[in-house]
Amino acid sequence: MKTAVIVFPGSNCDQDMYYAIKDGLGEEVEYVWHAETSLDGFDAVMIPGGFSYGDYLRSGAIARFAGIMPAVIKAAGEGKPVLGVCNGFQILLEAGLLPGAMLKNKHLKFICETVNLKVENNHTLFTSLYKQDEMIRIPIAHGEGNYYCDDETLQELKNEHRIIFTYNGENPNGSRADIAGIMNKAGNVLGMMPHPERAADALLGSDDGLRLFQSILNHWRESAHAAYTS
């Protein structure tokens, strides 16, 4: 599996994401600068956290117009796994690949801590190696992680089992319905505020995030085998 890690001006979690793929999975990974226009040859796309373009206007609003974004949208349309973490989630929302919007945290303060998450749906390409309703520990670090959507969208997310992770216990940012991560209708685009790449090695205090990347790899291998044998 060959993975692209998109790098914007202001990205600061790109190296963590690179490490999770290269050392955690032992798979091929490359940085792709925001000004590039093609993702041909890549099997998966990661949009890391940080403060793209300094979070001017609002988080992800400028990055949404970067040269690489049409290629990200194209990859998503082709069914390739696309993961947006923290600022990456915000960019996916701005690009319309996921529904809803991100507001400032309820206490208007930046939060940096490890939180408890509940796996709400383990029947996805991102969560197949977790147990249903499993509790995991993943770090967060954001000032605008208060996910919001209207009532109709929330009901749709619930009905279609597209809420993948929720905060268990205290909701750190005021996110609606305790939402920490959601996916698109096709099931190949996931946005989440917590940082699985920062929980990909036990030396970091938790390796609960590694299974997310391993799930993506398993899906790719199964898809590649099916394509080869068909």
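Residues numbered from 1 in each chain as written. Predicted model: local features only at pLDDT ≥ 70, side-chain atom pairs only at ≥ 80, totals over all residues. Heavy atoms only, no water.

- An unreviewed UniProt entry lists the protein under the name Phosphoribosylformylglycinamidine synthase subunit PurQ, with Sporolactobacillus putidus given as the organism.
- Per its UniProt entry, the protein bears the Subunit (unreviewed entry) comment "Part of the FGAM synthase complex composed of 1 PurL, 1 PurQ and 2 PurS subunits." (UniProt positions renumbered as here; feature names shortened; annotations may be inferred.)

## Here we look at the pairing of strand β9 (residues 163-167)
- The element β9 is largely enclosed, with a buried count of five among its five residues.
- Of the strand pairs in this sheet, strand β6 (residues 111-119) and β9 are connected by three bridges, and their pairing is antiparallel. By the bridge assignment, K118 is partnered in β9 with T166.
- One ladder, built from three bridges, connects β9 with strand β10 (residues 179-183); its direction is antiparallel. Within β10, the residue paired with I163 across the bridge is I182. (Buried < 20%, exposed > 50% of the residue type's maximum accessible area, 1.4 Å probe, protein only. Helix = DSSP H or I, 4+ residues; strand = E, 2+ residues; numbered from the N terminus. Pairing = 2+ DSSP bridges.)

## A short note on the nonpolar core
- Residues L39, I68, F165 and L212 are the most contacted members of the largest nonpolar core, which totals 70 residues.
- Those residues in contact with I68 that sit more than four places away from it in its chain are I6, F8, V32, W33, H34, E36, T37, S38 and L39. (Core = buried A, V, L, I, M, F, W, Y, C linked by side-chain atoms within 4.5 Å. Contact = heavy atoms within 4.5 Å.)

## Notes on a nonpolar patch on the surface
- Together, Y56, L57 and I62 give the surface a local cluster of nonpolar side chains, amounting to about 360 Å² of exposed area.
- Take I62: it is sitting in the loop between β3 (44-47) and α2 (69-77).
- Judged by its relative accessible area of 31%, I62 is partly exposed. (Patch = residues over 30% accessible without salt bridge, like charges linked within 9 Å, V, L, I, M, F, W, Y side chains within 5 Å. Areas by Shrake-Rupley, 256 points an atom, 1.4 Å probe, with all protein chains shown as cover. Salt bridge = Lys/Arg side-chain N within 4 Å of Asp/Glu carboxyl O.)

## Brief notes about unusual backbone geometry
- Located in the positive-phi region is D55, a residue other than glycine, with phi close to 60 degrees.
- When you line up the elements, D55 lands in the loop between β3 and α2.
- Even without a glycine there, the phi angle at D178 is positive, about 60 degrees.
- By the secondary structure assignment, D178 is in the loop between β9 and β10.

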